[in-house]
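The lines below spell out each chain.
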Amino acid sequence: KNGFRNDEDFTSAEIAVIGDSYVDSQMLPSSMLATTQLAELTQTAVANLGQSGYGPQQELAVLKRYALPLHPKSVVWVFYEGNDLRDAKRYR
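Residues numbered from 1 in each chain as written. Predicted model: local features only at pLDDT ≥ 70, side-chain atom pairs only at ≥ 80, totals over all residues. Heavy atoms only, no water.

**Student:** Just checking my understanding: could you explain the nonpolar core for this structure?
**Tutor:** F4, F10, A13, A16, I18, A47, L49, V62, L63, Y66, A67 and L70 form the largest nonpolar core, which has twelve residues in total. Counting residues per element, this core draws most heavily on helix α3 (residues 56-67), which supplies four residues. Apart from residues lying up to four places away in sequence, L63 is in contact with I18, L68, P69, V75 and W77. (Core = buried A, V, L, I, M, F, W, Y, C linked by side-chain atoms within 4.5 Å. Buried < 20%, exposed > 50% of the residue type's maximum accessible area, 1.4 Å probe, protein only. Helix = DSSP H or I, 4+ residues; strand = E, 2+ residues; numbered from the N terminus. Contact = heavy atoms within 4.5 Å.)

Now the structure itself:
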């Protein structure tokens, strides 16, 4: 739903995970996603709101538009130190 990689359409989630390709992980089967593993470990609903190519500004929009309406108890915002914060300038 909404272009995110989830096996179900969430109306609520205990945990929302935001980030770019490391969260989206297009080349992995869904069973190997960090969000799937987190859901299994915590026995809670975990929404994968990762989107490859997004920078912090777009991820902030994802937080406001998609994560907060799920009323999560926790939000995990994943940054890759290799380029994500440096790329923030490019996304102005």
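**Student:** I would appreciate a short explanation of unusual backbone geometry in the present structure.
**Tutor:** For residues other than glycine, phi is negative in most cases, and the peptide bonds are mostly trans. Unlike most non-glycine residues, S25 shows phi in positive territory, near 45°. Counting through the fold element by element, S25 comes out in the loop between α1 (21-24) and α2 (34-42). Unusually for a residue other than glycine, H71 sits at a positive phi of about 55°. Following the sequence through the fold, H71 ends up in the loop between α3 and β3 (74-77).

**Student:** Sorry if this is basic, but what is going on with the packing of aromatic side chains here?
**Tutor:** Each aromatic ring pair is specified by the distance between its two centres and by the angle formed by the two planes. On inspection of all chains with the given rule, the structure shows three aromatic pairs. Judged by centre distance (5.1 Å) and plane angle (20°), the rings of Y22 and Y80 are stacked. With Y22 in helix α1 and Y80 in the loop between β3 and α4 (84-87), the pair connects residues that are 58 residues apart, well separated along the chain. A relative accessible area of 51% means that Y22 is categorised as exposed. A residue is classified by how much of its surface remains accessible, and Y80, at 36% relative accessible area, is partly exposed. Where W77 meets F79, the ring centres are 5.5 Å apart and the plane angle is 20°; that geometry is what we call stacked. By relative accessible area, W77 is classed as partly exposed at 30%. (Phe/Tyr/Trp six-rings, centres within 6.5 Å; stacked < 30°, edge-to-face > 60°.)

**Student:** Any chance you could explain the pattern of salt bridges here in plain terms?
**Tutor:** Two side chains carrying opposite charge are able to pair once their charged atoms lie near each other. Inspection of every chain in the model, using the stated rule, returns one salt bridge. Salt-bridge contacts for E14 lead to K73; the nearest nitrogen and oxygen are separated by 3.7 Å. Taken together, the positions of E14 in the segment before β1 (15-19) and K73 in the loop between α3 and β3 put the pair 59 residues apart, joining distant regions of the chain. With a relative accessible area of 69%, K73 lands in the exposed category. (Salt bridge = Lys/Arg side-chain N within 4 Å of Asp/Glu carboxyl O.)

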